[in-house]
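Chain by chain, the residues:
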Amino acid sequence: MEYCLAVDIGASSGRVMLGNLEDRKMKLKEIHRFANNLIEKNGHFCWDITRLFNEIKTGIKKCNQLGVKPVSIGIDTWAVDFVLLDEHDELLTDAVSYRDPRTDGMMEEVEKIIMKERLYLETGIQFQKFNTIYQLYAIKKQQPEVLKKAKTFLMLPDYLHFLLTGKKANEYTNATSTQLLNAFTKKWDKEIINQLDLNIDMFQEIKMPKDKLGHLKPELVEEFGFDLEVILPATHDTASAVLAVPELDETIYISSGTWSLIGVENDFPICVTKALDYNFTNEGGMDYQFRFLKNIMGLWMIQEVHRNYEQKYSFAELVDLSRGTSNFSSIVNVDDQRFLKPENMIEEIQNYCRETNQQVPETPGEVAKCIFDSLVISYVQAIGEIEEIYEREFSTINVIGGGSQNELLNQLIADVTKKEVYAGPIEATAIGNLVVQLIALGEIQGIHEARSIIKQSFEVKKYVHHNERGGL
Ligand SMILES: Nc1ncnc2c1ncn2[C@@H]1O[C@H](COP(=O)(O)OP(=O)(O)O)[C@@H](O)[C@H]1O
Ligand SMILES: C[C@H](O)[C@H](O)[C@@H](O)C(=O)COP(=O)(O)O
Ligand SMILES: [Mg+2]
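Residues numbered from 1 in each chain as written. Chains lettered and ligands numbered in written order. Predicted model: local features only at pLDDT ≥ 70, side-chain atom pairs only at ≥ 80, totals over all residues.

- Under the annotation held in an unreviewed UniProt entry, the protein chain carries the name Rhamnulokinase and is attributed to Lederbergia ruris.
- Here is the UniProt Cofactor (unreviewed entry) comment for the protein chain, exactly as written: "Mg(2+)". (UniProt positions renumbered as here; feature names shortened; annotations may be inferred.)

1. Things to note about the site of ligand 1
Turning to step 1, where the next piece is worked out: Taken together, 17 residues are adjacent to ligand 1, and Gly-10, Ser-12, Gly-257, Thr-258 and Gly-402 come closest.
Turning to step 2, where the next piece is worked out: Broken down by element, the shell around ligand 1 gets its largest block of residues, 3 residues, from helix H13 (residues 315-323).
Turning to step 3, where the next piece is worked out: Residues of the shell around ligand 1, tallied by class, amount to 6 nonpolar, 11 polar and no charged.
Turning to step 4, where the next piece is worked out: Counting residues domain by domain, the shell around ligand 1 receives three or more from each of domain 1 (4-231) and domain 2 (245-424 + 442-472). (Near = placed C-beta within 6 Å. Helix = DSSP H or I, 4+ residues; strand = E, 2+ residues; numbered from the N terminus. Nonpolar A, V, L, I, M, F, W, Y, C, P; charged D, E, K, R; others polar. Domains from an automatic or database assignment.)

2. Details of the site of ligand 2
Turning to step 1, where the next piece is worked out: What surrounds ligand 2 is a group of 14 residues, the closest being Gly-10, Ala-11, Trp-78, Gly-257 and Thr-258.
Turning to step 2, where the next piece is worked out: Broken down by class, the residue content of the shell around ligand 2 amounts to 7 nonpolar, 6 polar and 1 charged.
Turning to step 3, where the next piece is worked out: Split by domain, the shell around ligand 2 shows at least three residues from each of two domains, domain 1 (4-231) and domain 2 (245-424 + 442-472).

3. Regarding the UniProt feature "domain: Carbohydrate kinase FGGY C-terminal" (unreviewed entry) in the protein chain
Turning to step 1, where the next piece is worked out: Within the UniProt annotation, "domain: Carbohydrate kinase FGGY C-terminal" (unreviewed entry) is assigned to residues 253-440.
Turning to step 2, where the next piece is worked out: The annotated region residues 253-440 carries 45% helix and 16% strand content, and the separation between its end C-alpha atoms amounts to 25 Å.

4. Considering helix H12 (residues 300-308)
Turning to step 1, where the next piece is worked out: Within the sequence span of H12, burial applies to Trp-300, Met-301, Ile-302, Glu-304, Val-305 and His-306.
Turning to step 2, where the next piece is worked out: Buried residues along H12 sit in contact with H13, helix H14 (345-355) and helix H15 (364-390).
Turning to step 3, where the next piece is worked out: Positive phi appears at Glu-310, one or two residues downstream of H12, with a value of about 55°. (Buried ≥ 20, exposed ≤ 12 C-beta atoms within 10 Å, placed from the backbone. Contact = placed C-beta atoms within 7 Å.)

5. Some points on the UniProt feature "binding site: ATP" (unreviewed entry) in the protein chain
Turning to step 1, where the next piece is worked out: UniProt records the feature "binding site: ATP" (unreviewed entry) for Ala-11, Ser-12, Ser-13, Gly-14, Arg-15, Thr-258, Gln-303 and Gly-402 in the present numbering.
Turning to step 2, where the next piece is worked out: Mapping Ala-11 onto the fold places it in the loop between strand E1 (4-9) and strand E2 (13-22).
Turning to step 3, where the next piece is worked out: Once residues within four sequence positions are removed from consideration, Ala-11 is found in contact with Asn-36, Trp-78 and Thr-258.
Turning to step 4, where the next piece is worked out: Within the secondary structure, Gly-14 sits in strand E2.
Turning to step 5, where the next piece is worked out: With sequence-adjacent residues up to four places away left out, Gly-14 is seen in contact with Val-7, Asp-8, Ile-9, Phe-34, Asn-36, Leu-52 and Glu-55.

6. Quick word on the sheet that holds strand E12 (residues 229-231)
Turning to step 1, where the next piece is worked out: With respect to topology, 6 strands assemble into an open sheet ordered E3-E2-E1-E6-E12-E11, the strand pairing being mixed. Both edges of this open sheet fall to strand E3 (25-35) and strand E11 (212-215), since each of them pairs with a single strand only. Strand-to-strand twist in this sheet, taken as the mean axis angle between neighbours without regard to direction, amounts to 25°.
Turning to step 2, where the next piece is worked out: Here 3 bridges tie E11 to E12, and the two strands are oriented antiparallel to one another. Looking across to E12, one finds that Lys-212 is bridged to Ile-231. (Pairing = 2+ DSSP bridges. Axes fitted to C-alpha atoms, helices over the stretch in contact; angles between N-to-C directions.)

7. A look at the confidence of the model for the protein chain
Regions with low pLDDT should not have their predicted coordinates read in detail.
Turning to step 1, where the next piece is worked out: This prediction gives the protein chain a mean pLDDT of 97; 99% of its residues lie at or above 70.
Turning to step 2, where the next piece is worked out: The complex prediction reports pTM at 0.97, with the ipTM value standing at 0.98. (pLDDT = per-residue confidence, 0-100.)

8. Comments concerning the domain arrangement of the protein chain
Size of an interface: often given as the accessible area lost when the parts come together.
Turning to step 1, where the next piece is worked out: Here the domain parsing of the protein chain yields domain 1 (4-231) and domain 2 (245-424 + 442-472).
Turning to step 2, where the next piece is worked out: Computed from C-alpha coordinates alone, the two centres of domain 1 and domain 2 are separated by 25 Å.
Turning to step 3, where the next piece is worked out: Each partner contributes to the interface: domain 1 provides 23 residues, whereas domain 2 provides 23 residues.
Turning to step 4, where the next piece is worked out: Elements with a minimum of two residues in the side of domain 1 that touches domain 2: E3, helix H3 (116-123) and helix H7 (172-176).
Turning to step 5, where the next piece is worked out: Across the side of domain 1 that touches domain 2, the residue classes break down as 10 nonpolar, 8 polar and 5 charged.

In structure tokens:
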């Protein structure tokens, strides 16, 4: 019975989870949790990558207090963001966030060189202004000397694994989110990279989930009191999360955290014109599966409202406050770019409602209800697009991640879609991270057995639509 460590760092919080199998059930223990947030550094919105690494080390050391010695560790985070290293393996860049405005206008600049249709056919990746391709193009335009000096490109989980082991590689699932990896060759698309002159030599070898990257640097073995082997999970957190969906047949998943990622799992990329028009993406998964999904602004909006109210209301309290506002029904387009990084989310929502001649939310409950109702509208739109492209209906929706604790939202989804809604596992990302390690260690045969174990190990709540409640 081996213990493994999964480190899941989302945009709002990180957690170090200890996992193992007992009687063919998965046991999961949260041994460290920490906040994550943007910081302003050198004029950009960044992640405090040094603090995040120190939090990981704090979590690893807590194993000693528990008297356990895990054998492996894997780290996953959000997608697209990266760092560049110089010839001495020192940081050339900060860990700039995808919410930073440095990529404003870059998609249009790239499109002057590579047509959208071609980029989509080669990579299958959605057009988001924050994709890695546009972040790198921004560096090329704004700091050309930095791109020229770069010897190593590492996405954030790659970099954290490098800090642990000294080994460099780009993990496949996260690399697909860059919009620079070819969906068919599964390798860096050298033609696209060279056409944009993005320094092809800095990209590293593509490694797959289950690959063993290496053991800890000796000084860390000394610091922790035990060794660990890095076994690559699906380092894109959503790729890990979807591995933990207990039942995928007939199911549309909603990975509900800072973002809402809504989609289905596929054996091949879907790059048809309609998928491009609806801006769906084909992110890579373990065993070369694809996640055909759409990004929806997600619970980021309520996170910002929580911050605007200076954490006066918990997320659960904001949900409860929204229940008492049934006569409030204003809706915003959650996917409007104005909500990606507004100065003040409450004011941005109020301005939107004012500009669209709708009732302006004034109380915390009204603001929260506007967000939850508006998210469901966007989910319904995406579900309709998925069923149109697949030319079939899906009978169930599985909400995974922290957002699956929002019982009001889960019920709203069931009421409006009239589909069965399953909520959980909450820590789907960490669970998906762990199953990959356990598969690599030979403790689980493969993803089918893993999903069966997950189904028996974790609570999933069911919601059905209540006729008397009606829709929105
Ligand atoms: N008790 C709760 N009730 C309702 N919503 C909750 C609760 N706990 C967490 N959430 C929601 O879960 C979100 C965080 O989900 P999580 O998957 O941890 O995000 P990420 O991985 O992006 O950091 C919060 O923004 C909040 O909206
Ligand atoms: C920017 C990306 O679209 C984003 O990272 C998304 O892919 C994702 O992984 C979100 O994860 P959270 O846990 O931060 O919601
Ligand atoms: Mg997450």
